[in-house]
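Chain by chain, the residues:
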Number of protein chains: 2
Amino acid sequence: MSQTPKVHVTELVLRDGHQCHIATRMRTEDMLPICSKLDAIGFWSLEAWGGATFDACVRYLKEDPWERLQKLRKALPNSRIQMLLRGQNLLGYRHYSDDVVQAFVQKSADNGVDVFRVFDALNDTRNLEVSIQAVKKAGKHAEGTISYTTSPVHDVAHFVGIAQELEAMGSDTIAIKDMAGLLTPQATVDLVKALRANVNLPIHIHSHSTSGLASMNLLRALENGAVMIDTCSAAFSEGASHPTTESMIAALQGTEFDTGLDIAAVQEVTAYFREVRKKYWQFESEFSGVDTRVLLNQVPGGMISNLSNQLKEQGALDRMDAVLAEIPLVRKDLGYIPLVTPTSQIVGTQAVLNVMTGQRYKSITNEVKNYFLGQYGKAPSAVNAEVKKLAIGDAEPITCRPADLLTPEMAKLTSESERFAQSEEDVLTFAMFPDIGKTFLQERIAGSLQPEPLLDKAAVNASASRFAPSEF
Amino acid sequence: MSQTPKVHVTELVLRDGHQCHIATRMRTEDMLPICSKLDAIGFWSLEAWGGATFDACVRYLKEDPWERLQKLRKALPNSRIQMLLRGQNLLGYRHYSDDVVQAFVQKSADNGVDVFRVFDALNDTRNLEVSIQAVKKAGKHAEGTISYTTSPVHDVAHFVGIAQELEAMGSDTIAIKDMAGLLTPQATVDLVKALRANVNLPIHIHSHSTSGLASMNLLRALENGAVMIDTCSAAFSEGASHPTTESMIAALQGTEFDTGLDIAAVQEVTAYFREVRKKYWQFESEFSGVDTRVLLNQVPGGMISNLSNQLKEQGALDRMDAVLAEIPLVRKDLGYIPLVTPTSQIVGTQAVLNVMTGQRYKSITNEVKNYFLGQYGKAPSAVNAEVKKLAIGDAEPITCRPADLLTPEMAKLTSESERFAQSEEDVLTFAMFPDIGKTFLQERIAGSLQPEPLLDKAAVNASASRFAPSEF
Ligand SMILES: [Co+2]
Ligand SMILES: [Co+2]
């Protein structure tokens, strides 16, 4: 590790990288063997937990996500472990009462998380306040996050306002989370400059390579005063994922933005993960390259693969383009919300319905109804009154912070889960996923956990080539 | 097309893009349907001929490359067609006499080439002079080219010297050909600045994305005075290929480097080629992502896939890393030649031999012997005297331009091919490839041309899934 890196790097391969390219399926057993090498490189942090990994562990891998965290903590003694947290949603899909948020953050810190990147899909900072306070109370690093998007209402002033609120709440750093790859180099210049002028915190940039712009964005961000960048080992970089770690090290080497990191050391990590990735080939998305359609439809890479699976199940993959065209319209009806978990699912599912039923809003999901009822927080701008009427009639939306309406839940969750939860961590797992979490915990007790199987590519290819035309 | 683009874009999808990703296998029939859209976009030029396409047409596709050019010319009435020409090697693998070079350039111009990018693998500008003169005589655009590489001898002054010679020879523009993705943003700044200060020609940058740096390189090149960039439709971009056209348009839009091009129009081209690409899935390389090992071993992307095939045939794919480690050593022995056709093959094959025989230079190829004899031109710097001795003993290398030793050949080639060549173009095809060119021309007369078949992926997958484990 260099003595004086001028730019700090967060390595994403243990979380966002495999979330983007193999649907979050990497197993802990495939992470641990390389951890000592990762640990020695000198990254500012390793994003390794949160986001969709908690869900994937419980749902598909039948791994205890808390155990993963403990194992990673032990295997990465010299590194900051970073997690992605969805504010008042934590890692679940609803708003939790403040006591659940506080318990979740505390347990995450206890088990090994050092840096909490906390965001809200609507950029409603009221949804971030309790978790940021909990992070600070746990003595950890709180990274308040701007969910970046583009719309007539999302101008630089709008984002500066959010960043100032995040600063006032006690954030240690500010992250620009460009989950869809919508940032352009020029927009990065404008945004980072304005943030630097109005906020006194280090700026950390996270930009997906979906549209092929992210590496240029990182360069521009650094030139304009950002000091932290997110990158991913070449084994899981680019496309829906992120600029390549080795490439950014090389790009910045010998300049005023030198990362101080050793390319060869990262190449070893990459060589390891290239082999690992092959094991998960069945989860590779068809849509993994650069796709600039995102610049028009604002659909994040991960969302595209979800939609693709959703449509495939309905035998309607050919409606993909129609759905991609519908998404920005739904988004506009909903007041131009950013598309990120859970709003990407909300908008995506409604867009699929609008296309598949042949009539927009003929069928409206409960999530959209709840959104119009204010249950997710404050819309970034005025919603479509007609659609709102279709969705909730004359019902009166709430205007307070959604969690203000929730009474403490930990006691109730604890008693509801007492037959299968063996720790507070288990209670929180149950809290995140009442159904699959409960099943997971019960099966663990019964010793009947069965991870989703991995298909053997060699076997498939062998049977394939036996049936290939004989001229090959 | 915009009225006043500030930056000129060359689209590579018809040549370098498919050369990098599907081993140059795209057929003319897959190019023509989209030509009217490509033609309307307003690219400065469309690279569509030369490089490995001539060889691939004759060897694999059983297409007449001259006919391809004629068809493209007709289908692209408003566009400059650009070709890549290997100087005195033309599109073959030896040095040709000047009359062959002159005839080849003239026929290329007659059949539709507007822009000739002319390079020499050794940067021996004596090997470029005759072709550049021929281009100018034909009234076409001559782009003199620097083959970029890194080595102790390849500093900025070295490249400036080459560029000045290319300018003196009558080049209209200067191309920086970073075929291996070795340029870094900082190296780009240094090189472009120096070229601008010492050469009075527009600078055109061509950088492969192999190491994940090319889009940043293009940005830096423009900032420092380059005015022409090479990009590729997203369908065949990134990795061993090039920055994505749509992404660069978006990155530059609204800045002082605006390309004036319409992203949506390019997206249509991309949508078309994404479908086309599927047809050629059997030619996709395993090594198509970002690979920064090139920054240490200087091996161009295309060379990696060739080596991979070579080793696969010998059942020795596991020696790939050893070969990649051997390449820079061979290159050093040969006076740090750039690695590009044909030197990449020369160095690659010798490196494979050095690894597979278990003893360096136990076996030495004729090409390496000829190289030491000066038959390719002047080495960039001193060669390894010991290896030279092993290769050629006490033989005296030539010091003149290799083609100076060749007498005119066209008459002889014409008479040798009179039974199967029906035009001067055919004679030139025969000149490029005495064996496969002759066979091609004979089979064409016999009506027995058989293009290499394409494997049907759906059929393969269907048989595969029938044999997949039943839980899937
Ligand atoms: Co992300
Ligand atoms: Co090239």
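Up top is the structure.
The numbering scheme is per chain: residues are counted from 1 as the chain's sequence reads. To read the labels, note that chains go from A and ligands from 1, taken in the order they are written. Restriction of local features to residues with pLDDT of at least 70 applies here, the model being predicted, together with a cutoff of 80 or more for giving and counting side-chain atom pairs; totals for whole chains, interfaces and linings are based on all residues. Only hydrogens and water are removed before side-chain values are computed, so all heavy atoms of the structure are retained for them.

(A) How the structure looks around the packing of helix H3 (residues 53–61) of chain B against helix H20 (residues 436–446) of chain B. Residues and elements named next belong to chain B. The convention used is that axes are lines fitted to C-alpha atoms, helices contributing only their stretch in contact, and that angles between N-to-C directions extend from 0 to 180 degrees. Labels follow the DSSP assignment, with helices taken as runs of H or I lasting at least four residues and strands as runs of E lasting at least two, numbered in each case from the N terminus. With their axes 9 Å apart at the nearest point, H3 and H20 run at an angle of 55 degrees to one another. Our classification of the angle between H3 and H20 gives oblique. Every pair of crossing elements has a handedness; the one defined by H3 and H20 is left-handed. Here Asp 55, Val 58 and Arg 59 of H3 lie close against H20, whose contacting residues are Ile 436, Gly 437 and Phe 440. When describing relative orientation, an angle under 35 degrees is termed roughly parallel and one over 145 degrees roughly antiparallel, while 65 to 115 degrees is termed roughly perpendicular and anything else oblique. Crossing chirality is assigned from the near helix's rotation relative to the far helix, an anticlockwise turn below a right angle marking it left-handed and a clockwise turn marking it right-handed. Here a residue-residue contact requires only that any non-hydrogen atoms of the pair lie within 4.5 Å.

(B) Region of interest: the coordination of the cobalt ion (ligand 1). Residue and element names in this part refer to chain A. Donor atoms: N, O and S within 2.8 Å of the metal, or within 3.2 Å for Na, K and Ca. Because water is excluded, sites can look incomplete. Protein-derived ligands of the cobalt ion (ligand 1) are Asp 16 (OD), His 206 (NE2) and His 208 (NE2), with the metal-ligand distances lying across 2.0 to 2.1 Å. When the donor residues of the cobalt ion (ligand 1) are listed from N- to C-terminus, their spacing reads D-x189-H-x1-H. Only protein chains enter the accessibility calculation, which uses a 1.4 Å probe; a residue whose area is less than 20% of its type maximum is buried, one above 50% is exposed, and one in between is partly exposed. Residue His 208 is classed as buried on the basis of its relative accessible area of 6%.

(C) Focus on the packing of aromatic side chains. Residues and elements named next belong to chain B. Pairs were defined over the aromatic rings of Phe, Tyr and Trp, the Trp ring being its six-membered one, requiring ring centres within 6.5 Å. Orientation was assigned from the angle between planes: stacked under 30 degrees, edge-to-face over 60, tilted for the rest. If you walk through the whole model with that rule in mind, you get 28 aromatic pairs over all chains. Where Phe 236 meets Phe 273, the ring centres are 6.3 Å apart and the plane angle is 75 degrees; that geometry is what we call edge-to-face. In this pair, Phe 236 is assigned in the loop between strand E8 (228–231) and helix H10 (245–252) and Phe 273 in helix H11 (residues 263–279), connecting sequence segments 37 residues apart. Judged by its relative accessible area of 0%, Phe 236 is buried.

(D) Looking closely at the relation of the copies chain A and chain B. Only residues with pLDDT of at least 70 in both copies contribute their C-alpha atoms to the least-squares superposition of the copies. Expressed as a screw transformation, the operator carrying chain A onto chain B has a rotation angle of 180 degrees and an axial translation of 0.0 Å, and the superposed copies differ by an RMSD of 0.0 Å. Look at the turn and shift together and you get a two-fold axis relating the two. In this assembly the copies share their binding face: 100% of the residues contributing to the interface of chain A also contribute to that of chain B.

(E) Quick look at the interface of chain A and chain B. Between chain A and chain B, the contact holds 44 residues from the first and 44 residues from the second. Computed with a 1.4 Å rolling probe, the buried area is the accessible surface lost when two parts are put together, summed over both parts. Across the chain A to chain B interface the summed buried area is about 3,300 Å²; carbon plus sulfur atoms make up 65%. Between Lys or Arg on one side and Asp or Glu on the other, a salt bridge is scored when a side-chain nitrogen of the former is within 4 Å of a carboxyl oxygen of the latter. The tally of links between chain A and chain B comes to 2 salt bridges. Close ionic contact of Arg 220 of chain A with Glu 223 of chain B constitutes a salt bridge, the shortest N to O distance being 2.5 Å. Pairing of N or O atoms within 3.5 Å defines a polar contact, subject to two protein rules: one partner must be a possible hydrogen donor and the other a possible acceptor, and residues neighboring in sequence count only if both atoms are side-chain atoms. Where chain A touches chain B, the interface holds 9 residue pairs in polar contact (both at pLDDT 80 or more). Taken together, the elements giving at least two residues each to the side of chain A that touches chain B come down to helix H8 (185–198), helix H9 (214–223), helix H10 (245–252), helix H11 (263–279), helix H12 (294–297) and helix H21 (457–466) of chain A. Residue polarity follows a fixed list, in which Ala, Val, Leu, Ile, Met, Phe, Trp, Tyr, Cys and Pro are nonpolar, Asp, Glu, Lys and Arg are charged, and the others, Gly among them, are polar. Residue composition of the side of chain A that touches chain B, by class: 21 nonpolar, 12 polar and 11 charged.

(F) Structural view of the sheet that holds strand E2 (residues 45–50) of chain B. Residue and element names in this part refer to chain B. The parallel closed barrel is built from 8 strands, whose spatial order is E1-E2-E3-E4-E5-E6-E7-E8. On average, adjacent strands in this sheet sit at an angle of 30 degrees to one another, irrespective of strand direction. Bridge count for strand E7 (residues 203–207) against E8 is 2 bridges, and the pairing is parallel. Looking across to E8, one finds that His 204 is bridged to Met 228. Each of strand E1 (8–11), E2, strand E3 (81–85) and E7 is contacted by helix H1 (residues 13–21), which is oriented at about 60 degrees to E2, the strand it contacts most. Two strands pair if DSSP finds at least two bridges between them.

(G) Representation of the nonpolar core. Within the largest apolar cluster, 211 residues are counted, with the highest numbers of intra-cluster contacts made by Leu 38, Phe 104, Phe 273 and Met 432 of chain A together with Leu 38, Phe 104 and Phe 273 of chain B. Ignoring anything within four residues of it in the chain, the contact list for Phe 104 of chain A reads Trp 49, Phe 54, Trp 66, Met 83, Leu 85, Leu 90, Leu 91, Leu 428 and Met 432 of chain A. Each nonpolar core is a collection of buried residues, namely Ala, Val, Leu, Ile, Met, Phe, Trp, Tyr and Cys, held together in the definition by side-chain atoms within 4.5 Å. By size, the runner-up hydrophobic cluster in this structure holds 30 residues, among which are Ala 316, Tyr 361, Val 368 and Val 387 of chain A.

(H) The arrangement of the coordination of the cobalt ion (ligand 2) in detail. Residues and elements named next belong to chain B. Bound to the cobalt ion (ligand 2) on the protein side are Asp 16 (OD), His 206 (NE2) and His 208 (NE2), at distances that span 2.0 to 2.1 Å. Spacing between the donor residues of the cobalt ion (ligand 2) along the chain follows D-x189-H-x1-H. One end of the pair, Asp 16, is in helix H1; the other, His 208, is in the loop between E7 and helix H9 (214–223), with 192 residues separating them in the sequence.

(I) Examining empty space enclosed by the protein more closely. A pocket, in this scheme, is an open set of points on a 1 Å grid over the protein atoms alone with protein on both sides within 12 Å along at least 5 of 7 lines, while a cavity is a set where a 1.4 Å probe fits but cannot get out; residues line either one if an atom lies within 4 Å of a point. Grid points are joined across faces, edges and corners, and a volume is the space filled by probe spheres set on the points. Tallied over the full model, the rule gives 4 cavities of 30 Å³ or more. In this structure, the largest cavity occupies an estimated 170 Å³ of space. Taken together, 20 residues form the lining of the largest cavity, with Gly 212, Ser 215 and Glu 238 of chain A together with Ser 215 and Glu 238 of chain B sitting closest to its centre.

(J) Layout of the pairing of strand E4 (residues 115–118) of chain A. Residues and elements named next belong to chain A. Of the two faces of E4, the one holding Val 115 and Arg 117 and the one holding Phe 116 and Val 118 are both buried throughout. With 4 bridges joining them, strand E3 (residues 81–85) and E4 adopt parallel strand pairing. Across the sheet, Gln 82 pairs through a bridge with Val 115, a residue of E4. Think of it like this: strands point away, you trace from the first strand over the helix to the second, and a clockwise trace means the crossover is right-handed. A crossover connection joins E3 to the parallel E4 through helix H5 (residues 98–111); in handedness this β-α-β unit is right-handed. Where E4 lies against strand E5 (residues 141–147), 4 bridges are found, and the strand directions are parallel.

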